[in-house]
Amino acid sequence: MIKIVSWNTGFARQPWFDLLEMDADVALLQETCTPPPDVLDSIELGPYKPWLGESYTATALRPPRVVKLSNRVEVQWYEQVEPHRGKLGPRQMPASGIGLWDAATVTAVDGGEPFNVVSMYAAWQSSHPNVGSRSLYPDASAHRIISDLTVLVPSYSGDGPEHRIVAAGDLNVCFGDSSTFTSRAQTIIDRLAVLGLEYVGPRYPDGRKADPVPENLTVGSLDVPTYHTARKKPETAELQLDHVFASRALTKDVTTRAMNQVEEWGSSDHCRIIINVETTP
């Protein structure tokens with residue numbers, strides 16, 4: 001069993017220390033700050049910097065990260081390169097956005113097939129000034145992530161080799177609520193499904209429901225809140241912004257749980273998501 005933690009750490013230092021207490025193998029982090037010096041000896045970060053194009057933004061300074069936390073696994077990171085690169089090296093992936101993902105291959109030391117992991121962060125973007133609106137939206141960033149991880153899907157027709165991918169993180173969208181944004185959010189699930197990546201949660205009972213249930217959720221929703229605003233606390237959290245997807249070849253081996261009970265929430269405005277991947281030597 002490989003234990004993965006997906007967590008938006010909210011640019012805070014304390015989550016780095018909390019990760020060391022979790023006996024996990026890999027962390028998929030979003031909104032990271034620089035690890036404290038006294039943590040660096042206990043973790044391993046990828047050797048590559050995020051692709052920055054011609055700009056350098058605050059988001060790029062705090063990119064999503066894949067972090068190795070134990071010696072039970074081997075991790076090989078992918079290098080981000082410009083999106084229109086021709087021939088790719090064996091450890092390269094094109095990046096069409098800045099600060100949106102980090103990716104790596106994980107292999108259990110005691111055996112089992114390797115699989116790719118992707119830490120996703122769907123950054124907010126604002127509407128163009130010419131449209132007469134100040135609306136913000138995250139789905140464009142989510143679709144850029146999907147476009148980028150498509151290079152890990154080996155067959156256009158779907159009848160080629162099976163891929164093995166676990167992609168998780170903060171997509172800044174709720175699925176299945178009654179808001180006017182729902183149809184746009186659903187395109188993220190639909191597009192990933194076309195690529196053979198299924199939604200695997202977390203869903204109730206693998207995490208507590210919001211209490212009271214927010215009015216925007218559809219009847220029978222299995223949402224588990226993973227984020228609370230600055231005006232709320234873990235006990236009044238309402239929004240599930242953090243999600244996990246896995247290749248169809250892996251779904252039977254993947255379980256997820258939101259650590260969203262009040263006493264276990266942790267040191268960020270997002271709770272931790274536990275992803276267990278069963279491996280067969």
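Owing to the predicted nature of the structure, the values given are computational and were not obtained by experimental measurement.

As for the packing of aromatic side chains
Inspection of every chain in the model, using the stated rule, returns 3 aromatic pairs. Each ring, one from Phe 175 and one from Tyr 199, has its centre 5.8 Å from the other, and the planes form 80 degrees; the classification is edge-to-face. Pair noted here: Phe 175 is in the loop between strand E12 (165-170) and helix H4 (182-194) and Tyr 199 is in strand E13 (residues 197-201), with a separation of 24 residues, a long-range link. Seen from the ring of Tyr 78, Arg 91 lies directly overhead, with NZ or CZ sitting 3.9 Å from the centre. For Lys 209, the ring lying beneath its charged end belongs to Tyr 204, and the centroid distance is 4.9 Å.

Regarding the pairing of strand E16 (residues 272-277)
With 5 of 6 residues buried, E16 is to be regarded as a mostly interior element. Judged from the 5 bridges that link them, strand E1 (residues 2-8) and E16 form a sheet pairing that is antiparallel. Its bridge partner lying in E16, Lys 3 is registered against Asn 276.

What about the pattern of salt bridges?
Scanning all chains against the criterion turns up 10 salt bridges. Of the charged contacts in the structure, one is a salt bridge between Glu 113 and Arg 164, with a shortest N-O distance of 4.0 Å. Of this pair, Glu 113 sits in the loop between strand E8 (101-108) and strand E9 (115-121) while Arg 164 sits in the loop between helix H3 (139-149) and E12, placing them 51 residues apart in sequence. Lys 252 is the salt-bridge partner of Asp 253, the closest N and O atoms lying 3.6 Å from each other. The exposure class of Lys 252 is exposed, given its relative accessible area of 69%. Salt bridges here are not isolated pairs; linked through shared partners, they connect Asp 23, Asp 25 and Arg 72.

What counts, and at which threshold
Residues numbered from 1 in each chain as written. Predicted model: local features only at pLDDT ≥ 70, side-chain atom pairs only at ≥ 80, totals over all residues. Heavy atoms only, no water. Phe/Tyr/Trp six-rings, centres within 6.5 Å; stacked < 30°, edge-to-face > 60°. Helix = DSSP H or I, 4+ residues; strand = E, 2+ residues; numbered from the N terminus. Lys NZ or Arg CZ within 6 Å of the ring centre and 35° of its normal. Buried < 20%, exposed > 50% of the residue type's maximum accessible area, 1.4 Å probe, protein only. Pairing = 2+ DSSP bridges. Salt bridge = Lys/Arg side-chain N within 4 Å of Asp/Glu carboxyl O.

Honestly, that's just the spatial picture; any functional story needs more than this.
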